[in-house]
Amino acid sequence: MALHRVARFADVPENRGLEVQIADTKIVLLRVGDQLRAYQGECPHAGAPLAEGALCHGRLICPWHKAAYRIEDGGLCEPPSLDSLRRYPLEVRDDEVWVDDQPLSDPHTPPADDERTFVIIGAGAAGTAAAAALREKGFGGRVLLIDREADTGYDRTVLSKFGIAGEMPPEEIPPLRDESLYREQRSERVIGEVTSLDAANQTLQLADGQSLGYDAALLATGGIPNPLTLPGADLPQVFVLRSKDQAQQILNTAKPGQRAVIIGDSFIALESASSLRQYGLEVTVLARHAVPFAKQFGEAVGKAIRALHEANGVVFHTEGEAAHIEGTTQVEAVRLDNGQRLPADLVLVGIGVSPATGAFTDLAMAKDQSLEVDGGMRVTDGLWAAGDIATFPLNGQPQRIEHWRLAQQQARIAAANMLGGDEHYLDVPYFWTWHFGKNCDCRGHAEAWDEVEFKGDPEHPPFIGLFGRNGVVVAAVACDEERAMAMLAERMKQPLSVDEAWRLVRE
Ligand SMILES: Cc1cc2nc3c(=O)[nH]c(=O)nc-3n(C[C@H](O)[C@H](O)[C@H](O)COP(=O)(O)OP(=O)(O)OC[C@H]3O[C@@H](n4cnc5c(N)ncnc54)[C@H](O)[C@@H]3O)c2cc1C
Ligand code: FES
């Protein structure tokens, strides 16, 4: 342990962090009133420089995917990070700031002082976040995390961005938690498929015949890609993308110079178009909409994303629907209902997902086969649900939203409530999407707006667009405006007028 002089007190700005370095270790200094704090300089989620984040309402907001940490003690407030910040001892001597090169030790796992067993079904975004949150919130009982995928929970959002672009081979996608952390936190991983659940008797069955009882359970089984139900759709070169295995199958087939037809213009479809194009394939998107994402981002941003794809050689085909896939053992083309033929060596289907609730048929389901939960993510006594399978009340309306960060937020709320808390979702949904090296951030879940204004031009980022309804911001969409979006992330939790939002952005 050794203290190092890293800065002068006056160098640390009031409204943002200051990055300093001790040998190879990056550290961010933050002001808390007339005191300072020193934390790890890179976000535990994916390494964003935290000094570029926003300080707002006592929180540090990560510039990349908007994880939030308490400035006071570095405690985790919002995902997608699963961990609090490592804190470094700090002293101010006269005007000089001295920081220790060794962090304080991490808070330990709670003692095994609880007889209860909590079961989490699905170790994806929501399930993994719930397991971490139960320990963070002091649960000392047994935590069982069941998943049918053999791999430890991983970030599936990178599959379409980097996985099938060849930039991050599926086997190199890092786990959300290291195996050692599962051991340290006594979270038991069970590889297996849950086939049924008896909520009244608090038991569940696995495909291998095992039966497990639980004191509380969280269902977090996510979504299943909607299959194409056309003649030829069972050919081996027709793919969907949800898991590492599927990404690997795509990579095993795709060769630079081949022709790929992407059916659908969902986020996964267009991210995959961008990746396969970057991998060297000729890519055609068979889209239902002339302007992709207009519903979520508005026309201007949608057109800009299409233009970005076209500038990189992606061809959009917006007339006709796929009628069948031609080929006997090998895909040859997608034949449309208007007779047109799109030659193809492989087909990737991105036409949305459905809730993976097939094992829970004894529970009441919404029309889309999702599970309806209350504001605290509770399905019924002893049972909670989170993520892509959950329809939850948002601003008084039942909504099912397929976002990574939201799934984790819901899981944290469920975990708190499994422990007897009374937490509810009080945030604004947030997600991001990645095309040809450009990251588009979206805050809000707006279905209608009556004004939209941009700073910058969506076709030439950086830009930020604010969507307003009755003078209040209902959504913000941006590219390369990370700090402004981090600031809005916190402020949009309360009704924020469009004028005030522009003032914040321009600051
Ligand atoms: C390729 C891709 C890219 C994406 N990109 C983005 C993005 O950029 N931004 C964003 O916000 N969102 C993105 N999403 C959406 C996001 O990944 C999901 O909203 C999120 O993963 C939902 O979390 P979840 O925990 O509900 O489900 P999942 O993360 O899918 O986890 C569910 C887990 O449950 C397991 N499971 C299912 N049924 C059973 C069963 N019966 N028994 C045992 N285990 C079971 C599955 O194997 C899976 O591991 C993307 C999704 C995909 C597929
Ligand atoms: S890098 Fe900080 S939230 Fe992703």
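Let us look at the structure shown here. (Residues numbered from 1 in each chain as written. Chains lettered and ligands numbered in written order. Predicted model: local features only at pLDDT ≥ 70, side-chain atom pairs only at ≥ 80, totals over all residues. Heavy atoms only, no water.)

### A short note on the site of ligand 1
Piece 1. Neighbouring ligand 1 are 30 residues, the closest being Ala126, Asp147, Lys161, Arg242 and Asp388.
Piece 2. Aspartate 147 places a polar side-chain atom, nitrogen or oxygen, 2.6 Å from an oxygen atom of ligand 1.
Piece 3. Backbone polar atom of tryptophan 404 to an oxygen atom of ligand 1: 2.9 Å apart, as the coordinates give it.
Piece 4. Contact with the protein chains covers 95% of the free accessible surface of ligand 1, which is 1000 Å².
Piece 5. With 3 residues, helix 2 (residues 157-163) is the largest single contributor of residues to the shell around ligand 1.
Piece 6. Partitioning the shell around ligand 1 into residue classes produces 11 nonpolar, 9 polar and 10 charged.
Piece 7. Both of domain 2 (117-224 + 354-418) and domain 3 (238-351) provide at least three residues apiece to the shell around ligand 1. (Near = heavy atom within 4 Å. Polar contact = N/O pair within 3.5 Å; in protein donor to acceptor, adjacent residues only side chain to side chain. Areas by Shrake-Rupley, 256 points an atom, 1.4 Å probe, with all protein chains shown as cover. Helix = DSSP H or I, 4+ residues; strand = E, 2+ residues; numbered from the N terminus. Nonpolar A, V, L, I, M, F, W, Y, C, P; charged D, E, K, R; others polar. Domains from an automatic or database assignment.)

### Structural notes on the nonpolar core
Piece 1. With 59 residues, the main nonpolar core has Leu197, Leu204, Leu218, Leu219 and Phe360 as its most contacted residues.
Piece 2. Not counting residues up to four positions away in its chain, the partners in contact with leucine 197 are Ile121, Thr203, Leu204, Tyr214, Leu219, Ala359, Phe360, Asp362, Leu363 and Leu383.
Piece 3. If you look at the next biggest cluster of nonpolar residues, it comprises 40 residues, including Val158, Phe162, Leu281 and Phe436. (Core = buried A, V, L, I, M, F, W, Y, C linked by side-chain atoms within 4.5 Å. Buried < 20%, exposed > 50% of the residue type's maximum accessible area, 1.4 Å probe, protein only. Contact = heavy atoms within 4.5 Å.)

### Points about the pairing of strand 25 (residues 333-336)
Piece 1. The sheet contact formed by strand 24 (residues 322-326) and strand 25 spans 4 bridges and is antiparallel. Across the sheet, residue glutamate 326 finds its bridge partner in strand 25, namely alanine 333.
Piece 2. Counted between consecutive antiparallel strands, the loop separating strand 24 from strand 25 contains 6 residues, among which glycine 327 sits at a positive phi close to 135°.
Piece 3. Pairing analysis gives 3 bridges linking strand 25 to strand 26 (residues 341-343), with the strands arranged antiparallel. (Pairing = 2+ DSSP bridges.)

### As for the environment of serine 274
Piece 1. You can see serine 274 is positioned in helix 5 (residues 267-278).
Piece 2. Residues serine 274 and tryptophan 434, 160 residues apart in the sequence, show an inter-C-alpha distance of 8.5 Å.
Piece 3. Among all residues touching serine 274, those that are not within four sequence positions of it are His309, His435 and Phe436.
Piece 4. At 2.9 Å, the side chain of serine 274 forms a polar contact with the backbone nitrogen of phenylalanine 436.

### Let's talk about the environment of leucine 241
Piece 1. In this structure, leucine 241 sits in the loop between strand 20 (238-239) and helix 4 (244-253).
Piece 2. Considering only alpha carbons, one finds leucine 241 and arginine 70, 171 residues apart in sequence, at a separation of 36 Å.
Piece 3. Ignoring anything within four residues of it in the chain, the contact list for leucine 241 reads Leu159, Ser160, Ile164, Gln246, Ala247, Ile250, Ile268 and Ser272.

### Let's talk about the pairing of strand 21 (residues 259-263)
As a general feature of sheets, a regular strand has side chains that alternate between the two faces.
Piece 1. Across the 5 residues of strand 21, 4 count as buried, placing the element largely inside the fold.
Piece 2. Relative to strand 22 (residues 282-286), strand 21 runs parallel, the two being bridged by 5 bridges. Bridged to isoleucine 263 within strand 22 is leucine 286.
Piece 3. Where the polypeptide runs from strand 21 across helix 5 and back to strand 22, its parallel neighbour, the crossover connection is right-handed. (Right-handed = clockwise from strand over helix to strand, strands pointing away.)

### Notes on the pattern of salt bridges
Piece 1. Summed over all chains, the structure comprises 38 salt bridges.
Piece 2. Close ionic contact of glutamate 193 with arginine 148 constitutes a salt bridge, the shortest N to O distance being 3.2 Å. Of this pair, glutamate 193 sits in the loop between strand 14 (187-191) and strand 15 (194-198) while arginine 148 sits in the loop between strand 13 (142-147) and helix 2; the two residues are 45 residues apart in sequence, bridging distant segments of the chain.
Piece 3. With a relative accessible area of 36%, glutamate 193 lands in the partly exposed category.
Piece 4. The partner of aspartate 427 in a salt bridge is arginine 443, with the nearest N and O atoms 2.7 Å apart. Placement of the pair is aspartate 427 in the loop between helix 7 (404-418) and strand 34 (430-435) and arginine 443 in strand 35 (residues 438-443), with a sequence separation of 16 residues. Of the two residues examined, aspartate 427 and arginine 443, each falls in the buried class. (Salt bridge = Lys/Arg side-chain N within 4 Å of Asp/Glu carboxyl O.)

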